[in-house]
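Here's the letter readout for the chains.
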Amino acid sequence: MSIKPMDFQVLYPKTTELSKTYNDEANKNQAVHQQQAEANRDRIDHSMKQVVARENVQGGRVNEKQQKDNNKQNEKKKKQKNNEENTPRIDIRI
């Protein structure tokens, strides 16, 4: 089957359209893969930050509870010291 010059006039513009279509599809696939990769990266970053935020909140609660307990113990010690200072002492030596 031979190609005539008249056929070249029709085929040549179609080859550029066809190559453009192939390039567009290849670029589209690359863009989709890149978007999926970025979405996964964002999701992973978000989940990592969320876990860290939970740990910080829990740690803060523990610290608050410990501070309250320490304050109560300090108050008890102060009361005991005040009670000991107010009571009279007798020194006996043998």
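This text goes with the structure placed above it.
Below is a short write-up of the structure. (Residues numbered from 1 in each chain as written. Predicted model: local features only at pLDDT ≥ 70, side-chain atom pairs only at ≥ 80, totals over all residues. Heavy atoms only, no water.)

A separate point is the overall build of the protein chain. Each helix and strand in the protein chain was counted, giving 1 helix and 0 strands. Per-residue burial for the protein chain yields a buried fraction of 0% across its 94 residues. Just so you have it, the protein chain exposes about 9900 Å², and 51% of that area is on carbon and sulfur atoms. (Helix = DSSP H or I, 4+ residues; strand = E, 2+ residues; numbered from the N terminus. Buried < 20%, exposed > 50% of the residue type's maximum accessible area, 1.4 Å probe, protein only. Areas by Shrake-Rupley, 256 points an atom, 1.4 Å probe, with all protein chains shown as cover.)

Together, K68, K72, K76 and K79 make up a positively charged patch on the protein surface. The topology assignment puts K68 in helix α1 (residues 5-86). (Patch = residues over 30% accessible without salt bridge, like charges linked within 9 Å, V, L, I, M, F, W, Y side chains within 5 Å. Salt bridge = Lys/Arg side-chain N within 4 Å of Asp/Glu carboxyl O. Lys, Arg positive; Asp, Glu negative; His and termini not counted. Charge placed at Lys NZ, Arg CZ, Asp CG, Glu CD.)

Side chains of I90, I92 and I94 sit close together on the surface and give an oily, nonpolar patch of about 490 Å² of accessible area. With respect to the secondary-structure elements, I94 resides in the segment after α1.

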